[in-house]
Amino acid sequence: MKKAYGMGNHSGNKYWTEKVIKLIRTQYNLGETFLVPSCTAALEMGAMLVGIKPGDEVIIPSYTFSSTANSVLLFGGIPVFCDINPLTLNIDPNKIEKLITKKTKLIIPIDYAGVPCEIKKINKIAKKYSISVMVDAAQSFGSKINSDEWSGSQADLVAFSFHETKNLSCGEGGALVVNNKKFIKRAYIVQEKGTDRRKVITGMQNKYSWVDYGSSYILSDILAAIIYGQIENQKHIIKCRSNITNCYKKISKKYDKFLNSINQKYLKSYNHHAYFFLFNKEKEKINFINNLKNDYSISAYIGYSPLHSSKMGKKLGYKKNDLPITESCAKRIVRLPVFTDLGCNLEDLNYVNGAIQNTLNKIFNL
Ligand SMILES: *Cc1c(COP(=O)(O)O)cnc(C)c1O
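Along each chain, residue indices are assigned from 1 in the same order as the chain's sequence is written. Residue-level local features of this predicted model are given only where pLDDT is at least 70; pairs of side-chain atoms are given and counted only at 80 or more, and the full residue set underlies all totals for whole chains, interfaces and linings. Processing note: side-chain calculations cover all non-hydrogen atoms of the structure and skip hydrogens and water entirely.

Draft legend 1. Representation of the environment of D212 in the model. Helix numbering and strand numbering both begin at the N terminus, where a helix is a DSSP run of H or I of at least 4 residues and a strand a DSSP run of E of at least 2. Take D212: it is sitting in the loop between α7 (197-201) and α8 (221-232). Once the C-alpha coordinates of D212 and D196 are considered, the two residues, 16 residues apart in sequence, prove to be 8.7 Å apart. A contact between two residues is defined here by any heavy atoms of the two lying within 4.5 Å. Among all residues touching D212, those that are not within four sequence positions of it are R186, I189 and G194. Within 3.5 Å is the distance limit for a polar contact, defined as a pair of N or O atoms, with the added protein rule that one can donate a hydrogen and the other accept it, and that residues adjacent in sequence qualify only through two side-chain atoms. At 2.8 Å, the side chain of D212 forms a polar contact with the side chain of R186.

Here it is in structure tokens:
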């Protein structure tokens, strides 16, 4: 980072940005890639590229972060909420088709906990109706869809996050991957405030001008240097995080009469971003969180509040019961602590492991 600062090129699309893009494109077989200030910015840029305009409908899961919905709402698009698959908490592809109307322009699935959504099925539906697909892959950088396809390589557009809470972080940052060639030319313009500055950089023109709408979706080269360092360190990050998720997997198996988790078959090649327990009852979840906090000072999290039953969701006309699986899972889910440092410190991990098992024994009287 010092080196990046010393180089003097602090704005974006410079030396370190190009290094990062080259590295991740070859390592993960991604299409044209843009480093942007956040995953939120990537989603907005994607919505601009698709050309979302007032009245257009966009199918998204309700079990996601506000940014997924805002990216289309900002342009007058209408989020249409779809229910989830309880085995992964990702959008249920079998429920998408009946939500499609003449106004549907885009589907935005997410990769919850780092487990890729069922992109092949979603792409098939989108193709049938000539709709675009943009994956909110904020959590799944480095996951695999199958043995030879990486997260980020299979949809028209893919948004990654390099926020502090994700596997790789430069504080605030993200990337937009443009796999569908029809969006590439405008992507360079939209990222550069609606100008054709790219043509000057590549020597095709000596002056640039305002040619389209756009914004400033560019990550500073200083932050790109931090990302570069993290990608070089990725094996270590994954190793540490997998120590944690492997420990939680064992607990899930041992207590499988009392709780569910991400179905094991989906965990084979994920990036160990997050892990959750799904209790049978909301009350068990509350007991678990409270006891873990009071007895061991360990914080587990409640996960997302569904968007459709939030204040904004109600404004859009949704009621709680419209998406019963989302509501039910949101009430019963606990996100367990997963952060890289925890997985590298076996003493801390042993403490957490023991604390979680003791708490389960306590709440289930075992
Ligand atoms: C973290 C996250 C975001 C937001 O990412 P930023 O980089 O902070 O904008 C969006 N969607 C999902 C699913 C996320 O997990």
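Draft legend 2. Broad picture of the site of the ligand. When at least one non-hydrogen atom of a residue lies within 4 Å of a molecule or strand, that residue is treated as near it. Near the ligand, the surroundings consist of 14 residues, among which T40, D136, Q139, S161 and K166 are the closest. Between the ligand and the protein, one listed contact pairs an oxygen atom with a side-chain N or O atom of T40 at 2.5 Å. Contact distances for the ligand include 2.8 Å between a nitrogen atom and a side-chain N or O atom of D136. We get accessible surface area from the Shrake-Rupley algorithm with a probe of 1.4 Å; when it comes to residues, only the shown protein chains can shield them. For the ligand, whose unbound accessible area comes to 390 Å², protein coverage reaches 92%. Throughout, the protein atoms alone are placed on a 1 Å grid, and a set of points is a cavity if a 1.4 Å probe fits but cannot get out or a pocket if it is open with protein on both sides within 12 Å along at least five of seven lines; lining residues have an atom within 4 Å of a point. Grid points define the cavity or pocket, and a molecule sits in it when more than half of its atoms lie within 2 Å of them. Because more than half of its atoms lie within 2 Å of the grid, the ligand is assigned to the largest pocket. Class assignment of the residues belonging to the shell around the ligand gives a composition of five nonpolar, seven polar and two charged. Any residue that is not Ala, Val, Leu, Ile, Met, Phe, Trp, Tyr, Cys, Pro, Asp, Glu, Lys or Arg is counted as polar, Gly included; the first ten are nonpolar and the last four charged.

Draft legend 3. How the structure looks around unusual backbone geometry. With phi around 70°, L89 is a residue other than glycine that occupies positive phi space. You can see L89 is positioned in the loop between β3 (78-82) and β4 (104-107). When a residue's accessible area, from a 1.4 Å probe over protein chains only, is under 20% of the maximum for its type it is buried; when over 50% it is exposed; and in between it is partly exposed. The buried category is assigned to L89, whose relative accessible area is 0%. Despite not being glycine, S297 shows a phi value in the positive range, around 55°. Relative to the helices and strands, S297 is located in the loop between α10 (282-296) and α11 (311-315). Under the relative-accessibility criterion, S297 is labelled exposed at 60%.

Draft legend 4. Examining helix α3 (residues 39-50) more closely. Expected helix span is given by 1.5 Å per residue-to-residue step, counting one fewer step than there are residues. Between its terminal C-alpha atoms α3 stretches 16 Å, which fits the 16 Å expected from twelve residues at 1.5 Å a residue. Of all twelve residues that make up α3, eleven are buried, and the element is covered over most of its length. Of all the residues in α3, the buried ones are C39, A41, A42, L43, E44, M45, G46, A47, M48, L49 and V50. The N-capping residue of α3, defined by a side-chain oxygen 3.4 Å from the backbone nitrogen of T40, is S38.

Draft legend 5. Representation of the sheet that holds strand β1 (residues 32-36) in the model. If you walk across this open sheet you meet the seven strands as β1-β9-β8-β5-β4-β2-β3, and the pairing is mixed. Pairing within the sheet leaves two strands with one partner each, and these edge strands are β1 and β3. The average undirected angle you get between the axes of adjacent strands in this sheet is 25°. At least two DSSP bridges between two strands are required for those strands to pair. Pairing of strand β5 (residues 132-136) with strand β8 (residues 157-161), which is carried by three bridges, proceeds in the parallel orientation. The residue of β8 that forms the bridge with M134 is L157. As a rule, the C-alpha atoms of each element are fitted with a line to give its axis, helices using only the stretch in contact, and angles between N-to-C directions run from 0 to 180 degrees.

Draft legend 6. Main features of the pairing of strand β9 (residues 174-178). Within β9, five of the five residues are buried, which leaves the element mostly enclosed by the surrounding structure. Burial of the side chains of β9 extends over both faces: G174, L176 and V178 are buried on one face and A175 and V177 on the other. Where β1 meets β9, five bridges bridge the pair, whose relative direction is antiparallel. Paired with V36 across the strands is G174, a residue of β9. The pairing of β8 with β9 spans five bridges and is classified as antiparallel. Across the sheet, the residue bridging to L157 is V178, located in β9.

Draft legend 7. Structural detail: the sheet that holds strand β11 (residues 276-279). Strands sit in the order β10-β11-β12 across an open sheet of three strands; the sheet is antiparallel. Two strands close off the open sheet at either side, each with one partner strand: β10 (259-261) and β12 (333-335). Pairwise comparison of adjacent strand axes, ignoring direction, gives a mean angle of 30° for this sheet.

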